[in-house]
Amino acid sequence: YPENQAAAIAARGGGQRMCEQAESKGYSNDICAYARINLAYLDAKEIPEQNMPQPDFLLCCNNICNCMIKWYENIAKECNIPLILIDIPFNADYEVSDEKVAYVAAQFRAAIAQLEKITGKKWDEKRFEEVCKISNRTSKAWLEATAYTKYTPSPLNGFDLLNHMAVAVCARGTVEAAEAFETLLEEYKQAVKDGTSTFKGEQKYRIMFEGIACWPHLKTTALGLRDRGINMVATIYADAFGLLYNDFEGMIKCYCNVPNSVSLEKGRDNRIDIVKRTNAEGMLVHTNRSCKLWSGFMAEMSRQIGKSCDIPVVSFDGDQADPRNFSDAQYHTRVEGLVEIMDSHKSSN
């Protein structure tokens, strides 16, 4: 999955080099940094940060953004391999309609038929049901574990979730993933009993971190909070990879309900629920240059969340994978500002 590879490359310091390589081929730096990193990797094929096998075919799903379509088209053209597209339109309604489920389900069935021809393997309904059960087990443990930030103090540093999340993203349907998260959950349960936490220092403030992580600047963003006694107890990003479904149609509804494919109202209410469950006192919004769909509606959404939950909202500029779009000074200034507003808010209440 090229998005995950790009995030790993960025977190390990290769983002700028790969982005610049893609730009030297003619790709604009306005394109998503994940795409630029992956398109550069098509040429390199082997790098020190993170390798992955070259594909025999592509399966593209655009429920996170339509950049995916052109990105995968380019891969297909350069590698001369088949591309299968599953179109999941943005859902302007609050709930997913039966008509939309039928539209997307038909595409999944068509994709299965194409994959059977390409791979020579037949669809195994029984195996699908088995993997669903494992995935539900993994997701259930993961969502229970992430919910432990509701405790005061939280038994975990919220940035831990960004590391553990990789398992939920890449291996949700494996027994090993389920066992790993069940172990993590038990550790958090014990930590609450013992009054311990992986957060180093006093937890003075609890905030929601909104948006994709700045993978090239994880240390700066994490320490910028920790050193001021701020713990990230709320984020929709980690929970987005805990998907619960019991059948094929249920899976389709999950695909149609990821954060980037739902209406502003639905996304707002999902986040308000998280803020209230975790007693977050402020909101720090990553205005992500790469993810224009997410960042585009976040100004209005975060305003509504702040008003509904009566918490201050502050934003900073950054990028999920291109380190050139982030300023240490600006980040620290914005976090300091959030602290000042939260202190003032506490005093007035």
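The structure displayed is predicted, hence computed values, not measured ones. (Residues numbered from 1 in each chain as written. Predicted model: local features only at pLDDT ≥ 70, side-chain atom pairs only at ≥ 80, totals over all residues. Heavy atoms only, no water.)

> Would you mind showing me how to read the overall build of the chain here?
The helix and strand tally for the chain stands at 14 helices and six strands. Taken against the 2.2 N^0.38 rule, which gives 20 Å for 349 residues, the C-alpha radius of gyration of the chain at 21 Å falls within 12% of a compact globule. Dimensions of the chain, computed from the C-alpha atoms along their principal axes, are close to 65 × 45 × 40 Å. Expressed as a percentage of the 349 residues in the chain, the buried residues total 50%. Look at the contacts in the chain between residues 6 or more apart in sequence, and 79% of them connect residues 24 or more apart. Carbon together with sulfur atoms contributes 51% to the accessible area of the chain, which is approximately 16300 Å² in total. (Helix = DSSP H or I, 4+ residues; strand = E, 2+ residues; numbered from the N terminus. Rg over C-alpha atoms; globule rule 2.2 N^0.38 Å. Buried < 20%, exposed > 50% of the residue type's maximum accessible area, 1.4 Å probe, protein only. Contact = heavy atoms within 4.5 Å. Areas by Shrake-Rupley, 256 points an atom, 1.4 Å probe, with all protein chains shown as cover.)

> Which parts of the structure should I look at to understand the side chain of Asp319?
Along the chain, Asp319 turns up in the loop between strand E6 (313-318) and helix H14 (328-348). The side chain of Asp319 is buried and forms no salt bridge, while Arg36, the nearest opposite charge, is found at 4.6 Å. Separated by 3.0 Å, the side chains of Asp319 and Ser290 make a polar contact. Within the structure, Asp319 has its side chain in polar contact with the side chain of Asn325 (distance 3.1 Å). (Lys, Arg positive; Asp, Glu negative; His and termini not counted. Salt bridge = Lys/Arg side-chain N within 4 Å of Asp/Glu carboxyl O. Polar contact = N/O pair within 3.5 Å; in protein donor to acceptor, adjacent residues only side chain to side chain.)

> Hey, could you run me through the pattern of salt bridges in this one?
Proximity of charged atoms lets side chains of opposite charge pair with each other. Counting across every chain of the model gives 23 salt bridges. A salt bridge links Glu116 to Lys122; the nearest nitrogen and oxygen atoms lie 3.7 Å apart. Residue classification places Glu116 among the partly exposed residues on the basis of a relative accessible area of 22%. Across the pair Glu300 and Arg303 runs a salt bridge whose closest N-O atoms are separated by 2.7 Å. Here Arg303 and Glu300 lie together in helix H13 (residues 292-309), a separation of three residues that amounts to about one turn. Taking the relative accessible area as the measure of exposure, Arg303 reaches 46% and is therefore partly exposed.

> Help me understand the packing of aromatic side chains, please; the structure alone is not making it clear to me.
When we look at a pair of aromatic rings, we describe it by the centre distance and by the angle of the planes. By the definition in use, this model includes 16 aromatic pairs. A ring pair is formed by Phe108 and Phe248, whose centres lie 6.1 Å apart and whose planes are at 90 degrees; its orientation type is edge-to-face. With a gap of 140 residues between them, Phe108 in helix H5 (residues 98-119) and Phe248 in helix H11 (residues 248-255) connect regions that are remote in the sequence. Note on accessibility: Phe108 and Phe248 belong to one class, buried. Considering the side-chain rings of Tyr237 and Phe241, the 5.9 Å spacing of their centres and the 70 degrees angle between planes classify their relative orientation as edge-to-face. Cluster of aromatic residues (ring-pair linked, three or more members): Phe108, Trp123, Phe128, Phe248 and Tyr255. In this arrangement the basic side chain of Arg109 is found over the ring face of Phe248, its NZ or CZ atom lying 3.7 Å from the centre. (Phe/Tyr/Trp six-rings, centres within 6.5 Å; stacked < 30°, edge-to-face > 60°. Lys NZ or Arg CZ within 6 Å of the ring centre and 35° of its normal.)

> Looking at this structure, how should I read the pairing of E6?
Only one face of E6 is covered, namely the one carrying Val314, Phe316 and Gly318; the face carrying Val313, Ser315 and Asp317 has none of its residues buried. Sheet topology note: the strand E5 (residues 282-288)/E6 ladder contains six bridges and is parallel. The residue of E6 that forms the bridge with Val285 is Ser315. Following the backbone out of E5, through H13 and into the adjacent parallel E6, one traces a crossover that is right-handed. (Pairing = 2+ DSSP bridges. Right-handed = clockwise from strand over helix to strand, strands pointing away.)

> What is the right way to look at helix H9 (residues 218-226) in this model?
One turn of an α-helix holds 3.6 residues; hence residues three or four places apart share an orientation. For H9, every residue scored as buried is listed here: Thr220, Thr221, Ala222, Gly224 and Leu225. At its buried positions, H9 is contacted by strand E3 (205-210), strand E4 (230-234), E5 and H14.

> Can you help me understand the side chain of Ser135 in this one?
Locating Ser135 in the fold gives a position in helix H6 (residues 125-146). We classify Ser135 as buried; its relative accessible area is 4%. Of note is the side chain of Ser135, whose polar atom sits 3.4 Å from the side chain of Arg172. Discounting chain neighbours no more than four positions away, the residues touching Ser135 are Arg172, Gly173, Leu243 and Tyr245.

> What am I meant to see in the nonpolar core here?
Across soluble globular proteins, nonpolar side chains show a tendency to be buried alongside one another. Counting residues in each nonpolar core, the largest one holds 81 residues, and the members touching the most others are Tyr34, Trp215 and Leu284. Ranked by the residues each element gives to this core, the list is headed by helix H3 (residues 33-44), at eight residues. In this structure Leu284 touches Ile207, Met208, Phe209, Glu210, Leu225, Val314, Phe316, Tyr331, Val335 and Leu338, once residues within four positions along its chain are discounted. The next biggest cluster of nonpolar side chains, apart from the first, holds 21 residues, and it includes Ala111, Phe128, Leu243 and Ile252. (Core = buried A, V, L, I, M, F, W, Y, C linked by side-chain atoms within 4.5 Å.)

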